[in-house]
Amino acid sequence: QVQLVESGGGLVQAGGSLRLSCAVSGRTLSRYAMGWFRQAPGKEREFVAGIRWSGLSRAYADSVKGRFTISRDNAKNIVDLQMNSLKPEDTAVYYCAARQAIAVVSTRHEYDYWGQGTQVTVSS
């Protein structure tokens, strides 16, 4: 069993930055593709960013490209999401997810494990 715990959420003004972290326990992280998703009130959970198990391939939603960066440290079992130039529309609960496969995908149901989420609120 894999446990994921997110941290780093909070309240920030538009234009500011936050760094989310996902700590993974229960299994070694090295053979899992990892992703970040978000869900705003009244909306579907959507893909934000993903990273291949090796860290050599990353994928981003168009809405965050150039502003967000996903990274991972397999030795420490941590996946981070650096979020810059935040906008009010980035406000959501952010979830870390793990997939028992190598490749990154953006489809929610392809991920096997989920964290509890961390709230990010961007004020205008």
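Scroll up to find the structure.
Computed from a predicted model, the values in this text were never measured in an experiment.

(A) Representation of the state of the cysteines. Applying the stated criterion across every chain, the model contains one disulfide. Disulfide partner of Cys22: Cys96, at an S-S distance of 2.1 Å. Residues Cys22 and Cys96 are joined through a disulfide that is left-handed, its torsion about the S-S bond being -80°. Remark: Cys96 occurs in strand β9 (residues 92-99) and Cys22 occurs in strand β3 (residues 18-25); sequence separation between them is 74 residues. With respect to burial, Cys22 and Cys96 carry one shared label: buried.

(B) Spotlight on the packing of aromatic side chains. Counted under the stated rule, the structure contains five aromatic pairs. Aromatic ring contacts, followed pair by pair, group Phe37, Phe47, Tyr111 and Trp114 into a single cluster. Over the aromatic face of Tyr95 sits the side chain of Arg45, whose NZ or CZ is 3.6 Å from the ring centroid.

(C) View of the environment of His109. Positionally, His109 belongs in the loop between β9 and β10 (113-114). Of the residues examined, His109 reaches a relative accessible area of 64% and is grouped as exposed. For the pair His109 and Gly16, spaced 93 residues apart in sequence, the C-alpha separation works out to 31 Å.

(D) Spatial organisation of the environment of Val48. Among the structural elements, Val48 can be located in strand β5 (residues 46-51). Relative accessible area serves as the criterion here: at 0%, Val48 is assigned to the buried category. As for Val48 and Glu110, which are separated by 62 residues in sequence, their C-alpha atoms are 14 Å apart. In this structure, Val48 is in contact with Trp36, Phe37, Arg38, Ala59, Tyr60, Ala61, Val64, Phe68, Leu81 and Tyr94, ignoring residues within four places of it in sequence.

(E) Representation of the sheet that holds strand β7 (residues 68-73). Reading across the sheet, the four strands line up as β1-β3-β8-β7 and stay open at both edges, with antiparallel pairing between neighbours. In this open sheet, the two strands that pair with only one neighbour each are β1 (3-7) and β7. For this sheet the average axis-to-axis angle between neighbouring strands, irrespective of direction, equals 15°. Pairing between β1 and β3: five bridges, direction antiparallel. Among the inter-strand pairings, Ser7 is bridged to a residue of β3, identified as Ser21.

The rules behind each value
- Residues numbered from 1 in each chain as written.
- Predicted model: local features only at pLDDT ≥ 70, side-chain atom pairs only at ≥ 80, totals over all residues.
- Heavy atoms only, no water.
- Disulfide = S-S within 2.5 Å.
- Helix = DSSP H or I, 4+ residues; strand = E, 2+ residues; numbered from the N terminus.
- Buried < 20%, exposed > 50% of the residue type's maximum accessible area, 1.4 Å probe, protein only.
- Phe/Tyr/Trp six-rings, centres within 6.5 Å; stacked < 30°, edge-to-face > 60°.
- Lys NZ or Arg CZ within 6 Å of the ring centre and 35° of its normal.
- Contact = heavy atoms within 4.5 Å.
- Pairing = 2+ DSSP bridges.
- Axes fitted to C-alpha atoms, helices over the stretch in contact; angles between N-to-C directions.

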